[in-house]
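Here is how the chains run, residue by residue.
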Amino acid sequence: MIIPLPPLPEQKAIASILSSLDDKIELNRRMNETLEAMARAIFKDWFVDFGPTRAKQEGRAAYLPEPLWSLFPDAIDEETGLPMGWKLTKLGSIAESVNRTVNPTEIDEQTPYIGLEHMPRRSIALEHWEDAGKVTSNKLRFETGEFLFGKLRPYFHKVGIAPLSGICSTDIVVVRPKSEVWSSLVLTAISTNNFVEYTNLTSTGTKMPRTSWSIMAKYELPLPDEHIVKQFELMIKPCTSQIISNIHLSRTLAELRDRLLPKLMSGEIRVKDAEKPVEEVV
């Protein structure tokens, strides 16, 4: 096979441009991991370990800003095991499943489609999707910011936030909060190991175990004062918004990289011509 071979300096320049794109994509991926880890850590401290309340009860120093610190109860209720004034609630009281069935004949071929194969394990960042051109069966419609939970073999731990509107497999449960103030609490709750393990243990079917919203909705979680929920939303929402923004930027960079490579290698465009659009995106 005969292929065009640019001079070595030109090859190095091409590699430098493509590497800068790959580096930025990798940086966005690591940033998303960090943002998700931060959200999980805060959720665990506030709503699983009851860190602020336990710290108060034990007389430890405040580790949150005073206006926020003062919102947490001073003690754990020995009877319930929850901070004083908190109660257990079911997931179904603050979230709901959205079943918008879509017939394949009604779907535009350019509509984004997310199947279980596109969802990563243990990451809420849904970076991959494809066009719905090959869809031949009924699907579910979802909107930007709603949550997708893989109900087939739930132990695969496929849970994420939709970075755009589109359609998904019927083996995915589309979840949304009943009020925006519950959004971050619902997302972090259903993406925890505890919740996924709950859906796994209560799933039905041997070879192809599945969970369902009716099962998911019965999951119990602590319900704090609404002011604490609002503060949690204010802290976590910017993280999930940045995750979505990074996903779209990385896809743009990847598309730019894939368009530039053959043109640079063939000489259709020169390195100097490619540097400007790369700088504009990066």
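The coordinates are above.
Here the residue numbers are simple positions, counted from 1 along each chain's written sequence. Local features in a predicted model are, by the rule used here, given only for residues with pLDDT of at least 70; side-chain atom pairs are given and counted only at 80 or more, and totals for whole chains, interfaces and linings are based on all residues. With hydrogens and water excluded, all non-hydrogen atoms of the structure serve as input to the side-chain values.

What about helix α7 (residues 226–266)?
Working step 1: Taking 1.5 Å per residue as the helical rise, α7 with its 41 residues ought to reach 60 Å, and the 60 Å between its terminal C-alpha atoms agrees with that figure.
Working step 2: Working definition: helices are DSSP H or I runs of at least four residues, strands are E runs of at least two. Numbering for both runs from the N terminus. At the C-terminal side of α7, Gly267 shows a positive phi close to 85°. The span you would expect from a helix comes to 1.5 Å times its residue count less one.

A short note on the sheet that holds strand β8 (residues 159–161)
Working step 1: Spatial ordering of the open sheet is given by β2-β10-β7-β8, a layout of four strands whose pairing is antiparallel. Strand pairing shows two members of the sheet lacking a second neighbour, β2 (95–97) and β8, which therefore form its edges. Each adjacent strand pair in this sheet contributes to an overall mean axis angle of 25°, direction not counted.
Working step 2: Whether two strands pair comes down to DSSP finding at least two bridges between them. Alignment of strand β7 (residues 147–150) against strand β10 (residues 172–177), held across four bridges, turns out to be antiparallel. Counted as the bridge partner of Leu148 is Val174 from β10. Here the axes come from fitting lines to C-alpha atoms, over the contacting stretch only for helices, and the angles between their N-to-C directions go from 0 to 180 degrees.

Brief notes about helix α4 (residues 183–190)
Working step 1: The buried count for α4 comes to eight of eight residues, which makes it a mostly enclosed element.
Working step 2: Note on exposure labels: buried denotes an accessible area under 20% of the residue type's maximum, exposed denotes more than 50%, and partly exposed covers the range between, all computed with a 1.4 Å probe on protein chains only. Within α4 the residues assigned to the buried category are Ser183, Ser184, Leu185, Val186, Leu187, Thr188, Ala189 and Ile190.

Focus on the layout of surface pockets
Working step 1: Computed from the structure, the largest pocket encloses a volume of approximately 360 Å³.
Working step 2: Using protein atoms alone on a 1 Å grid, points that fit a 1.4 Å probe yet trap it form a cavity, whereas open point sets bounded by protein on both sides within 12 Å along at least five of seven lines form a pocket; residues with an atom within 4 Å of a point count as lining. Taken together, 18 residues form the lining of the largest pocket, with Phe43, Val48, Thr192, Asn193 and Asn194 sitting closest to its centre.
Working step 3: For the lining of the largest pocket, the elements supplying multiple residues, two or more each, are α1 (8–48), α4, α5 (193–201) and β11 (220–223).
Working step 4: Considering every element that reaches the lining of the largest pocket, the biggest residue donor is α1, with six residues.
Working step 5: Grid points are joined across faces, edges and corners, and a volume is the space filled by probe spheres set on the points. A volume near 200 Å³ is recorded for the second largest pocket.
Working step 6: If you trace the second largest pocket, you find it lined by Ile25, Glu26, Asn28, Arg29, Asn32, Glu127, His128, Asn246, Ile247, Ser250, Arg251 and Ala254.
Working step 7: Elements with a contribution of two residues or more to the lining of the second largest pocket: α1 and α7.

Just geometry here; none of it tells us what the structure is for.
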